[in-house]
Amino acid sequence: MPVSDTDELREILERKRVAVVGCSTTPGKDAHEIPKYLLEQGYDVVPVNPFADEIFGLEAYDSLADVPGEIDIVDVFRPSDEVSDIVDAALERDEDAVIWLQLGIHDDEAVARAEKAGRQVVQDRCMKPTHQRLMA
């Protein structure tokens, strides 16, 4: 079952390196504004977008596999039908990276697979208001 416990969410939000899959170059889009907010809060945001060279002045990577170093949280801003492949990519790397599916994004099968592999998963919840409520 996806994480919903306040203490567990707070612990997740204390992790600082966030790979944002589907990070957008377009101001005003949630996939741009929420990573921007996270940057402003001191997170190490790593944009993952195969159609951008850089976002927020940071190098954008084509895929999770291309991101160097450890990832603490894989934050997903892609349609629900793409979640399964993203979860598989997340499971192939960092053993303890949390998978965070933003508001409106869900795939119960992929979530169950990730949890069976020992991963924490947050589903259908926005990081920004969660952060504002628990960390402000």
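Everything below is about the structure shown above.
The rules we used
Residues numbered from 1 in each chain as written. Predicted model: local features only at pLDDT ≥ 70, side-chain atom pairs only at ≥ 80, totals over all residues. Heavy atoms only, no water. Buried < 20%, exposed > 50% of the residue type's maximum accessible area, 1.4 Å probe, protein only. Helix = DSSP H or I, 4+ residues; strand = E, 2+ residues; numbered from the N terminus. Arc of directions from axis to C-beta. Contact = heavy atoms within 4.5 Å. Pairing = 2+ DSSP bridges. Core = buried A, V, L, I, M, F, W, Y, C linked by side-chain atoms within 4.5 Å. Patch = residues over 30% accessible without salt bridge, like charges linked within 9 Å, V, L, I, M, F, W, Y side chains within 5 Å. Areas by Shrake-Rupley, 256 points an atom, 1.4 Å probe, with all protein chains shown as cover. Salt bridge = Lys/Arg side-chain N within 4 Å of Asp/Glu carboxyl O. Lys, Arg positive; Asp, Glu negative; His and termini not counted. Charge placed at Lys NZ, Arg CZ, Asp CG, Glu CD.

**Student:** Would you take a moment to explain helix α3 (residues 83-91) for this structure?
**Tutor:** Because the α-helix completes a turn every 3.6 residues, residues three or four places apart line up on one side. Of the positions making up α3, those classed as buried are Val-83, Ile-86, Val-87 and Ala-90. Down the axis of α3, the smallest arc covering the buried residues is 100 degrees, so these residues share one side. Those residues of α3 hidden inside the fold are in contact with β1 (17-21), β5 (73-76), β6 (98-101) and α4 (108-116).

**Student:** Explain unusual backbone geometry to me, please; I cannot follow it from the model alone.
**Tutor:** Residues other than glycine predominantly adopt negative phi, and peptide bonds predominantly adopt the trans conformation. In this model, Phe-56 sits at a positive phi of 60 degrees, which is unusual for a non-glycine residue. With respect to the helices and strands, the residue Phe-56 is situated in the loop between β3 (54-55) and β4 (58-59). The exposure class of Phe-56 is partly exposed, given its relative accessible area of 27%. Located in the positive-phi region is Asp-124, a residue other than glycine, with phi close to 60 degrees.

**Student:** Please clarify how the pairing of β1 should be interpreted in this entry.
**Tutor:** Look at any regular strand and the pattern is simple: side chains alternate between the two faces of the sheet. Across the five residues that make up β1, a large majority, five, are buried. Alternating positions in β1 separate into two faces, Arg-17, Ala-19 and Val-21 on one and Val-18 and Val-20 on the other, with burial throughout. Two elements, β1 and strand β2 (residues 44-48), share five bridges in a ladder whose sense is parallel. From the neighbouring strand, Val-20 faces β2, where its bridge partner is Pro-47.

**Student:** How should I be thinking about the nonpolar core in this particular structure?
**Tutor:** Here is a general trend for soluble globular proteins: nonpolar side chains tend to be buried in one another's company. Ranked by internal contacts, the top residues of the largest apolar core, which has 24 residues, are Ile-12, Leu-38, Ile-73, Trp-100 and Met-127. Secondary-structure elements contributing two or more residues to this core are α1 (6-13), β1, α2 (30-40), β6 and α5 (127-135). At four residues, α2 tops the list of elements feeding residues into this core. With residues near it in sequence (within four places) discarded, Ile-12 still touches Val-3, Ile-73, Val-98, Trp-100, Gln-120 and Val-122. Val-21, Val-76, Ala-97 and Val-121 belong to the second-largest nonpolar core, a separate cluster that totals 22 residues.

**Student:** Is there a simple way to think about a negative patch on the surface in this case?
**Tutor:** Taken together, Asp-53, Glu-54, Glu-59, Asp-62 and Asp-66 make up a surface patch of like negative charges. Looking at the secondary structure, you find Glu-54 in strand β3. Using a relative accessible area of 51% as the deciding quantity, one classes Glu-54 as exposed.

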